[in-house]
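# Examination of the molecular architecture
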Amino acid sequence: MLRGLVLDYAGVLTDPDAAELLAAVDVLRGRGIRTAVLSNADGGAGRGNLARHFDAFVFSGEVGIAKPDPRVFRLTAERLGLPATGCVMVDDSRANVDGATAAGMVGVHHTSVADTLAELSVLFPA
């Protein structure tokens, strides 16, 4: 059962329509889904404005492991208190999606907010 949602920062949460994605994140959190940001940034990018939407933040610059290394996806799942197999990773990089699936996560390749929201509605049905 999928109980976690992990989103990339740059390319996903910086999308011009990201407000719609954050609204969906809030709905999922209200349903008990754990949420995290996983970014290859040095650290802290966007954390302050996003803190109310996410349960955990993992920055490669802080943990010393970068996407697409499967270890960083497993670490993120661990910080959510979930197995990697219980999480969905949304990233605009195909290589990072492949790394997430290698770690056991369900991968969603972000190309637009509308497409990502459609995929999330299937993965996390109401």
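Residues numbered from 1 in each chain as written. Predicted model: local features only at pLDDT ≥ 70, side-chain atom pairs only at ≥ 80, totals over all residues. Heavy atoms only, no water.

If you look the protein up in an unreviewed UniProt entry, it shows as Haloacid dehalogenase from Amycolatopsis deserti.

### Some remarks on the overall build of the protein
Scanning the protein from terminus to terminus reveals 7 helices and 5 strands. Rg of the C-alpha trace for the protein: 13 Å, near the compact-globule value of 14 Å for 126 residues, within the 12% margin. With the C-alpha coordinates aligned to their principal axes, the bounding extent of the protein is approximately 35 × 30 × 25 Å. When burial is assessed residue by residue, the protein has 44% of its 126 residues classed as buried. Of the roughly 5,600 Å² of accessible surface on the protein, a fraction of 52% belongs to carbon and sulfur atoms. Separation of charge centres in the protein, based on 11 positive and 15 negative side chains, amounts to 8 Å. (Helix = DSSP H or I, 4+ residues; strand = E, 2+ residues; numbered from the N terminus. Rg over C-alpha atoms; globule rule 2.2 N^0.38 Å. Buried < 20%, exposed > 50% of the residue type's maximum accessible area, 1.4 Å probe, protein only. Areas by Shrake-Rupley, 256 points an atom, 1.4 Å probe, with all protein chains shown as cover. Lys, Arg positive; Asp, Glu negative; His and termini not counted. Charge placed at Lys NZ, Arg CZ, Asp CG, Glu CD.)

### Looking at the packing of aromatic side chains
What the rule picks out here adds up to 2 aromatic pairs. Ring centres 6.0 Å apart and planes at 65° place the aromatic pair Phe 54 and Phe 57 in the edge-to-face group. Seen in terms of ring centroids, Phe 57 and Phe 59 are 6.3 Å apart; in terms of plane orientation they differ by 10°. Their pairing is stacked. Ring-pair connections join several aromatic residues into one group, and the members of that group are Phe 54, Phe 57 and Phe 59. (Phe/Tyr/Trp six-rings, centres within 6.5 Å; stacked < 30°, edge-to-face > 60°.)

### Overview of the sheet that holds strand 1 (residues 4-7)
Ordered by their spatial adjacency, 5 strands build an open sheet running 3-2-1-4-5, and the pairing between neighbours is parallel. What marks the edges here is a single partner per strand, and that holds for strand 3 (56-59) and strand 5 (106-109). Direction aside, the axes of adjacent strands within the sheet are offset by 20° on average. Of the strands in this sheet, strand 1 and strand 2 (34-39) touch helix 2 (residues 18-30), which is tilted by about 155° from strand 1. In the packing of helix 7 (residues 113-123) onto the sheet, the strands contacted are strand 1, strand 4 (87-91) and strand 5, and the crossing angle to strand 5 comes to about 160°. (Pairing = 2+ DSSP bridges. Axes fitted to C-alpha atoms, helices over the stretch in contact; angles between N-to-C directions. Contact = heavy atoms within 4.5 Å.)

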